[in-house]
Amino acid sequence: VQLQASGGGLVQAGGSLGLSCATSGLTFRDRTISWFRQAPGEEREFVAGIRVSGGNRYYADSVKGRFTISKDNAKNTAYLQMSGLKPEDTAVYYCAAATGIIASTVRDRGRYDVWGQGTQVTVSS
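Parameters at a glance
Residues numbered from 1 in each chain as written. Predicted model: local features only at pLDDT ≥ 70, side-chain atom pairs only at ≥ 80, totals over all residues. Heavy atoms only, no water. Phe/Tyr/Trp six-rings, centres within 6.5 Å; stacked < 30°, edge-to-face > 60°. Helix = DSSP H or I, 4+ residues; strand = E, 2+ residues; numbered from the N terminus. Buried < 20%, exposed > 50% of the residue type's maximum accessible area, 1.4 Å probe, protein only. Lys NZ or Arg CZ within 6 Å of the ring centre and 35° of its normal. Pairing = 2+ DSSP bridges. Axes fitted to C-alpha atoms, helices over the stretch in contact; angles between N-to-C directions.

J.: What should I look at first to understand the packing of aromatic side chains in this one?
T.: Any pair of aromatic rings gets described here by the distance separating the centres and the angle formed by the planes. Under the definition given, this model contains four aromatic pairs. Residues Phe36 and Phe46 carry aromatic rings whose centres are separated by 5.7 Å and whose planes lie at 80 degrees to one another, so their mutual orientation is edge-to-face. In this pair, Phe36 is assigned in strand β4 (residues 32-38) and Phe46 in strand β5 (residues 45-51), connecting sequence segments 10 residues apart. Given a relative accessible area of 0%, Phe36 falls into the buried group. Look at Phe46 and you get buried, because its relative accessible area is 8%. With a centroid separation of 5.1 Å and 55 degrees between ring planes, the pair formed by Phe36 and Trp115 is classed as tilted. Linking Phe36 in strand β4 with Trp115 in strand β10 (residues 114-115), this pair joins segments that are 79 residues apart in sequence. Each residue in the set Phe36, Phe46, Tyr112 and Trp115 is aromatic and connected to the rest through ring pairs, giving one cluster. Above the plane of the ring of Tyr94 lies Arg44, whose end atom (NZ or CZ) is 3.7 Å from the centre.

J.: I would appreciate a short explanation of the sheet that holds strand β3 (residues 17-24) in the present structure.
T.: Strand pairing in a sheet relies on backbone hydrogen bonds, with the paired strands running either antiparallel or parallel. With antiparallel pairing, the four strands of this open sheet are ordered in space as β1-β3-β8-β7. Only two strands of the sheet have a single partner each, and these edge strands are β1 (2-6) and β7 (67-72). Direction aside, the axes of adjacent strands within the sheet are offset by 15 degrees on average. Looking at chain direction, β1 and β3 are connected through five bridges and run antiparallel. Along β3, the bridge assignment pairs Leu3 with Thr23.

Laid out in structure tokens, this is it:
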């Protein structure tokens, strides 16, 4: 079972960036795929999540209206499109997979059993 996150980089404030999370070895349709991020000295926090079956989307308040999570079932891949980026969005972004997620648990990182390696996103002011 593997999650491969990619697409991070350096972007100016107000710019856009897209992340991908390619999954393998798991049943994609049974999973919720989420993005978390961790800035230096901070705890890892929930950013966005999507239930593959049904397509329910969840967002942290801090990114609502700026970030969009999506999926491609044929490619077993989830995406995070980020726009209107701010310096405070700078962090290492991780994708994670879980089963049995509902709206009240999607933000709980302890619920996720598979994690990708992380990709750095840096937003300059």
